[in-house]
Amino acid sequence: MDVDFGDARSILVGFGAGVVVLLALYSLVGLEDVLSALSRADPLLVGAVCAAAVAWLFAWGLALRTVLGVIAVQVTMWRSFLLFSGATFANNVTPFGQAGGEPFSALLVSRSTGTEYENGLAAVASVDTLNFVPSISFALLGVGYYATQFTVGDRVEFAAVALLALALAVPIGAYLGWRNRHPISDLVVGVVISAGGAIGRVVPRVEAPEESRVRDRIEGFFAALERVAGDHHQLALALSFSALGWFLLSVSLWLSLGALGHWVPFAAALFIVPLGSVAGVTPLPGGLGGIEAALVLLIVPITGVDAQTAAAAALLHRGATYWLPVLLGGSATAMLEADNVQESPSD
């Protein structure tokens, strides 16, 4: 597959920056203490953490399958798992999380299902948008439980306020964007035509895209989004799979702490996981380093465990939900592309 990941050097720089952040974090916490805590981890529970992570990929793969079904693209459950694993791989190796990985994910969906690129982009964007709703709901549920059962410190109060602000800002932004989709569409068409013309003047044999073709693709994208939003039954089903995925991610962090001998209230994980995932919007690939730091900063004041245990738990959780999906997603992408080559000899 001829995929432009951008400058490969920028990806390597991103990973290098993430590793530097990780090293700084664990040096600050105490790398030897973290490794000591990890050495005492229960192997069975570590295996359960990995199982929860795989189940999470499967659940969100089913959400993608449901959304694809709404736009008349039928895939099997196994293929939806491979597609979502590939999308997660893209998110984890490109900067800015989903924003950086969505173009690749859409291309993978398009090539693997035979649908138009704009349909694949609409499906991926819809799943990413749907995933926001359960994350905020779980986080608010966890905050509410914690506020009634435990003394809330300044850091937790700040995190709760940030969560409420996010819960308001994202839906309002999405609503305003949808209401103004036609002006936005005109703006995107103008930018693409101008950029294409500029590239065509510099790069030989590259022609500027036709305005009608660009407009048709953008209108097709919005039409696919409208079909997804209009099927309330399938939308509810996709939301259920999304909620299951967030629940499993919370289970992963909860079990990670349990594997180290600290069984904290499950409500803490419901709160920490979605809030910590906000750090995934950093320029680091998949939030590498940033999410780990956010998890430690949240785990310590919310659960009361020491920083070394929190850092070790973050390492276990992210090993299962970041590095494992990188391996699985990379393999899934290779498998899907091998099928694409076999089905399309002209490629």
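Model, not experiment: these values are computed from the prediction.

Quick look at the packing of aromatic side chains now. Using the criterion set out here, one finds nine aromatic pairs in the structure. Geometrically, the ring pair formed by tryptophan 60 and phenylalanine 84 is edge-to-face, given 5.8 Å between the ring centres and 90° between the ring planes. Of the two residues, tryptophan 60 is situated in helix H3 (residues 43–70) and phenylalanine 84 in helix H4 (residues 77–93); the sequence distance between them amounts to 24 residues. Just as tryptophan 60 is buried, phenylalanine 84 falls in that class too. Aromatic side chains tryptophan 254 and phenylalanine 266 sit 5.7 Å apart centroid to centroid with 85° between the ring planes, which places their arrangement in the edge-to-face category. Of this pair, tryptophan 254 sits in helix H11 (residues 232–259) while phenylalanine 266 is found in helix H12 (residues 266–277), placing the two residues 12 residues apart along the sequence. Note on tryptophan 254: relative accessible area 25%, which makes it partly exposed. Joined through ring pairs, the aromatic side chains of Trp56, Trp60, Phe84 and Trp246 make up one cluster.

Further remarks concern H12. End to end, H12 covers 17 Å across 12 residues, agreeing with the expected 16 Å (1.5 Å per residue, within 8%). For H12, every residue scored as buried is listed here: Ala267, Ala268, Ala269, Leu270, Phe271, Ile272, Val273, Pro274, Leu275 and Gly276.

On to helix H6 (residues 117–130). End to end, H6 covers 20 Å across 14 residues, agreeing with the expected 20 Å (1.5 Å per residue, within 8%). Along H6, 11 of the 14 residues are buried, which leaves the element largely enclosed by surrounding structure. Taken as a whole, H6 has its buried residues at Glu118, Asn119, Gly120, Ala122, Ala123, Val124, Ala125, Ser126, Val127, Asp128 and Leu130.

Turning to the nonpolar core, a few remarks are in order. In terms of nonpolar packing, the biggest core is built from 77 residues, with Leu68, Leu83, Ile272 and Ile299 touching the most fellow members. The element best represented in this core is H3, accounting for 12 residues. With sequence-adjacent residues up to four places away left out, isoleucine 299 is seen in contact with Leu253, Leu257, Ile272, Gly304, Val305 and Ala310.

Moving on to the packing of H3 against H11. At a minimum axis distance of 8 Å, the contact between H3 and H11 shows a crossing angle of 170°. Looking at the two axes, H3 sits roughly antiparallel to H11. Between H3 and H11 the crossing geometry is left-handed. Looking at the contact of H3 with H11 residue by residue, the class counts come to 23 nonpolar, seven polar and no charged.

Here is what the cut-offs are and how they apply
- Residues numbered from 1 in each chain as written.
- Predicted model: local features only at pLDDT ≥ 70, side-chain atom pairs only at ≥ 80, totals over all residues.
- Heavy atoms only, no water.
- Phe/Tyr/Trp six-rings, centres within 6.5 Å; stacked < 30°, edge-to-face > 60°.
- Helix = DSSP H or I, 4+ residues; strand = E, 2+ residues; numbered from the N terminus.
- Buried < 20%, exposed > 50% of the residue type's maximum accessible area, 1.4 Å probe, protein only.
- Expected span 1.5 Å × (residues − 1).
- Core = buried A, V, L, I, M, F, W, Y, C linked by side-chain atoms within 4.5 Å.
- Contact = heavy atoms within 4.5 Å.
- Axes fitted to C-alpha atoms, helices over the stretch in contact; angles between N-to-C directions.
- Parallel < 35°, antiparallel > 145°, perpendicular 65-115°, else oblique.
- Left-handed = near helix turned anticlockwise from the far one by under 90°.
- Nonpolar A, V, L, I, M, F, W, Y, C, P; charged D, E, K, R; others polar.

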